[in-house]
Amino acid sequence: MGKLIGFIIGLPVVVTIISFVLNIILAILLSMTYTSLTQEQLIATLTFDSKPNQSQIFTAHLHDAEGSKIDDYELFGDQWRIDAGFIKMEYWANVFGVDSKYTLNRLEGRYKNIEDQNNKKKKSYQLEAHSLIDTMSFFIDTTDVSSVYKDIKINTKYSIFKTPTGLMVRETKLNTPIEKFF
């Protein structure tokens, strides 16, 4: 009878301790999930110079995440667009650190006005000589293409980020001329 009473009294204590430990484990997993699914990684920056006496013609300066210059490109239009190919990993794989893979594919100018887009000069640049290999894997959710575009603004730095689901851009107004920034 004494053992039964000890078991009945001790059972809530054991259950409480187990529940506490499980809650800590779940909180850690939730934190890891949130962090991995909202992660942003800087992959490139872009700035522009205008051509003297020529509207809608710009020189784009593309840099990698470390600030090293990739190249300069002549763009036509009042907007820019960059495309990237993605191998998107399963969300659960992101939690365990298996990150999406990407390659920057193309940079081009574009026009806000559809008539201009259809009739004016345009030019595109291939950024990568290879594409991502389409393979089947336990970790791969899908292959996809992501694209972002923005209006071209002088003295603005565009930071291009990779997220678990594609590309995003943040603008930063520069207080100094572009030449002094890099």
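Details of the structure are given in the entry above.
Since the structure is predicted, the reported quantities are computational estimates derived from the model, not experimental observations.

Conventions and cut-offs
Residues numbered from 1 in each chain as written. Predicted model: local features only at pLDDT ≥ 70, side-chain atom pairs only at ≥ 80, totals over all residues. Heavy atoms only, no water. Salt bridge = Lys/Arg side-chain N within 4 Å of Asp/Glu carboxyl O. Helix = DSSP H or I, 4+ residues; strand = E, 2+ residues; numbered from the N terminus. Pairing = 2+ DSSP bridges. Axes fitted to C-alpha atoms, helices over the stretch in contact; angles between N-to-C directions.

**Points about the pattern of salt bridges**
Following the criterion strictly, the structure yields nine salt bridges and no others. With its nearest N and O atoms 2.5 Å apart, the salt bridge here joins arginine 170 to glutamate 40. With arginine 170 in strand 9 (residues 166-173) and glutamate 40 in the loop between helix 1 (2-37) and strand 1 (41-50), this pair connects stretches of sequence that are 130 residues apart. Across the pair glutamate 108 and arginine 81 runs a salt bridge, and its minimum N-O distance is 2.9 Å. With glutamate 108 in strand 5 (residues 101-110) and arginine 81 in strand 4 (residues 79-89), this pair connects stretches of sequence that are 27 residues apart. Bridged by salt links that share partners, the residues Arg81, Asp83 and Glu108 form one connected network.

**Regarding the sheet that holds strand 9**
Ordered by their spatial adjacency, five strands build an open sheet running 3-2-1-8-9, and the pairing between neighbours is antiparallel. If you trace the sheet from one side to the other, it starts and ends with strand 3 (69-76) and strand 9, each paired once. The sheet shows a mean angle of 25 degrees between the axes of neighbouring strands, taken without regard to direction.

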